[in-house]
Amino acid sequence: MAGSPKVAIVTGSNKGIGLAIVRRMCKEFSGDVILTARDESRGRTAVTLLEGEGLQPEFHQLDIDSRDSIATLKECIEKSYGGVDVLVNNAAIGYQQPAGVSWCDHVTSTINTNFTSTLNLTRALLPLMRPHGRIVMVSSMDGTLDILHNDLQNKFSSDSLTETQLVAMMNEFIIDAIAGNHVSKGWSYSPYAVSKVGLNALTRVLARDISSSNQSNVIINTCCPGWVRTDMGGPMAPLDVKQGAETPVYLAMLPPGSPSGFFWERKRKVQF
Ligand SMILES: NC(=O)c1ccc[n+]([C@@H]2O[C@H](COP(=O)([O-])OP(=O)(O)OC[C@H]3O[C@@H](n4cnc5c(N)ncnc54)[C@H](OP(=O)(O)O)[C@@H]3O)[C@@H](O)[C@H]2O)c1
């Protein structure tokens, strides 16, 4: 859409690292920054907080687990902006099995939110990505390949891995974990860690797909924000949220022609 402002979308940004990413991007990104939250009231409270700091984020409700919510966001963005310049996939659920949640629900919801829903949102918005757009996955060092048995490492890191195969592998993990034999089959014990391995592998698969598409200049990378003091990271973490936002924001603002398909920590490429 000619003349429409640039736009950056940050998922799960009503608190924690996501909120810090929006705060920083409001200062440095030359366009609109959309703070999204699955809960409208938590999202609006976060917007009010940033407005109190003299910043002007936009707000849109987004529950990445809901196909309807994704479709509504997409329609609104298309109408208002005609495209997307930056997508930061920050939303995730944490490491611990919450009290009162069964193992089965914990496994399923962790893989669904952190992997499947992030894939669904990215696939939905990818056609809207403008030339030199950037997609950033906020992943974790917990999701490096060495948490898996060699056979699985080879599958996840294969240069010929397809999205369909990757989705099937993540479903296989869910089945194995619910059956309680995932560790003996070479998976990590932790659904969170496996969800982030999936996200890192997905980044490589999407980067390959994008590079051979008519959107070949769109850049996609994945990163670890470090161990950060948030509801998820806990009070003992050494980094504050401003520090946790550093690498995601760096990747969200990469100049045209920058590397794509890599895993980053502290603004440096690291081994997947
Ligand atoms: N903190 C760390 O030490 C650390 C380390 C490595 C990686 N990370 C990664 O960094 C990212 C941010 O983590 P954080 O520490 O800031 O966590 P956090 O404080 O728990 O915030 C997570 C955010 O994700 C949102 N969210 C969860 N499910 C969602 C859904 N279905 N749709 C939309 N939003 C959803 C939460 O919304 P609600 O407020 O509604 O729950 C919240 O806004 C995550 O991807 C995490 O895995 C964190």
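Heads up: the structure comes first, above all this text.
Since this is a predicted model, take the numbers as computed values, not measurements. (Residues numbered from 1 in each chain as written. Predicted model: local features only at pLDDT ≥ 70, side-chain atom pairs only at ≥ 80, totals over all residues. Heavy atoms only, no water.)

Trainee: Looking at this structure, how should I read the overall build of the protein chain?
Mentor: The secondary structure content of the protein chain amounts to eight helices and eight strands. A compact globule built from 272 residues would reach a C-alpha radius of gyration of about 19 Å, and the protein chain, at 18 Å, matches this within 12%. Taken along its principal axes, the extent of the C-alpha atoms in the protein chain is 55 × 45 × 35 Å. In the protein chain, which comprises 272 residues, the proportion classed as buried is 50%. Contacts in the protein chain between residues at least 24 apart in sequence constitute 72% of all its contacts with a sequence separation of at least 6. Carbon and sulfur atoms form 50% of the exposed surface of the protein chain, whose accessible area is close to 12300 Å². Looking at the protein chain, you have 25 positive and 26 negative side-chain charges, and the mean spots of the two groups are 5 Å apart. (Helix = DSSP H or I, 4+ residues; strand = E, 2+ residues; numbered from the N terminus. Rg over C-alpha atoms; globule rule 2.2 N^0.38 Å. Buried < 20%, exposed > 50% of the residue type's maximum accessible area, 1.4 Å probe, protein only. Contact = heavy atoms within 4.5 Å. Areas by Shrake-Rupley, 256 points an atom, 1.4 Å probe, with all protein chains shown as cover. Lys, Arg positive; Asp, Glu negative; His and termini not counted. Charge placed at Lys NZ, Arg CZ, Asp CG, Glu CD.)

Trainee: Would you explain the site of the ligand in this entry?
Mentor: The environment of the ligand is formed by 29 residues, the closest being Asn 14, Arg 38, Tyr 192, Val 228 and Thr 230. At a separation of 3.0 Å, a nitrogen atom of the ligand approaches a polar backbone atom of Ile 64. Val 228 has a polar backbone atom sitting 2.7 Å from an oxygen atom of the ligand. Protein contacts shield 94% of the accessible area of the ligand, which totals 900 Å² for the unbound molecule. At the level of secondary structure, the elements contributing two or more residues to the shell around the ligand comprise helix 1 (16–28) and helix 7 (191–211). Residue composition of the shell around the ligand, by class: twelve nonpolar, ten polar and seven charged. (Near = heavy atom within 4 Å. Polar contact = N/O pair within 3.5 Å; in protein donor to acceptor, adjacent residues only side chain to side chain. Nonpolar A, V, L, I, M, F, W, Y, C, P; charged D, E, K, R; others polar.)

Trainee: Help me out: how do you make sense of the packing of aromatic side chains in this one?
Mentor: Given two aromatic rings, one states the distance between the centres and the angle between the planes to describe the pair. Enumeration according to the criterion identifies four aromatic pairs in this entry. Here Phe 173 and Trp 187 contribute two aromatic rings whose centre-to-centre distance is 5.2 Å and whose plane-to-plane angle is 70°, an arrangement assigned as edge-to-face. Of this pair, Phe 173 sits in helix 6 (residues 163–179) while Trp 187 sits in the loop between helix 6 and helix 7, and the two are 14 residues apart along the sequence. Like Phe 173, the residue Trp 187 is buried in the burial classification. (Phe/Tyr/Trp six-rings, centres within 6.5 Å; stacked < 30°, edge-to-face > 60°.)

Trainee: Explanation requested: the pairing of strand 6 (residues 219–224) in the structure shown.
Mentor: On a regular strand, one side chain projects to one face of the sheet and the next to the other, so that they alternate. Burial analysis of strand 6 places six of its six residues in the buried class, which makes it a mostly covered element. Burial along strand 6 is two-sided: Ile 219, Asn 221 and Cys 223 facing one way and Ile 220, Thr 222 and Cys 224 facing the other are all buried. Pairing geometry for strand 5 (residues 129–138) and strand 6, over five bridges, is parallel. Its bridge partner lying in strand 6, Met 137 is registered against Thr 222. Bridge analysis of strand 6 against strand 7 (residues 263–265) gives three bridges, and the strand direction is parallel. Bridge pairing in strand 7 links Thr 222 to Phe 263. (Pairing = 2+ DSSP bridges.)

Trainee: Honestly, the nonpolar core in this entry has me stumped. Any pointers?
Mentor: Where a protein is soluble and globular, its nonpolar side chains tend to be buried together. Of all hydrophobic cores here, the largest spans 48 residues; its most connected members are Ile 9, Ile 77, Leu 121, Phe 156, Leu 166 and Leu 202. At the level of secondary structure, the elements contributing two or more residues to this core comprise strand 1 (7–10), helix 3 (67–80), strand 4 (84–89), helix 4 (103–125), strand 5, helix 5 (150–157), helix 6 and helix 7. Element by element, the count of residues in this core is highest for helix 7, at nine residues. For Ile 9, the contacting residues outside a window of four places in its chain are Ile 34, Thr 36, Leu 73, Ile 77, Val 84, Val 86, Leu 87, Val 88 and Leu 125. (Core = buried A, V, L, I, M, F, W, Y, C linked by side-chain atoms within 4.5 Å.)

Trainee: Any chance you could explain the packing of helix 1 against helix 2 (residues 40–52) here in plain terms?
Mentor: Between two packed helices, both the angle of their axes relative to each other and the distance between the axes serve to describe the pair. Contact geometry for helix 1 and helix 2: axes closest at 11 Å, N-to-C directions at 40°. Classified by the angle between their axes, helix 1 and helix 2 sit oblique to one another. When you trace helix 1 past helix 2, the crossing you get is right-handed. Counted together, Leu 19, Val 22 and Arg 23 of helix 1 and Ala 46, Leu 49 and Leu 50 of helix 2 form the full contact between these two elements. Here the residues of the contact of helix 1 with helix 2 sort into five nonpolar, no polar and one charged. (Axes fitted to C-alpha atoms, helices over the stretch in contact; angles between N-to-C directions. Parallel < 35°, antiparallel > 145°, perpendicular 65-115°, else oblique. Left-handed = near helix turned anticlockwise from the far one by under 90°.)

Trainee: Quick question: what am I supposed to make of the pairing of strand 1 here?
Mentor: Taking every second residue as pointing to the same face, both faces of strand 1 are buried, with Val 7 and Ile 9 on one and Ala 8 and Val 10 on the other. Direction of pairing for strand 1 relative to strand 2 (residues 32–37): parallel, over a ladder of four bridges. Across the sheet, the residue bridging to Ile 9 is Ile 34, located in strand 2. The β-α-β motif built from strand 1, the intervening helix 1 and the parallel element strand 2 has right-handed crossover chirality. Bridge count between strand 1 and strand 4: three bridges; the pairing is parallel. What sits directly across from Ala 8, in strand 4, is Val 86. (Right-handed = clockwise from strand over helix to strand, strands pointing away.)

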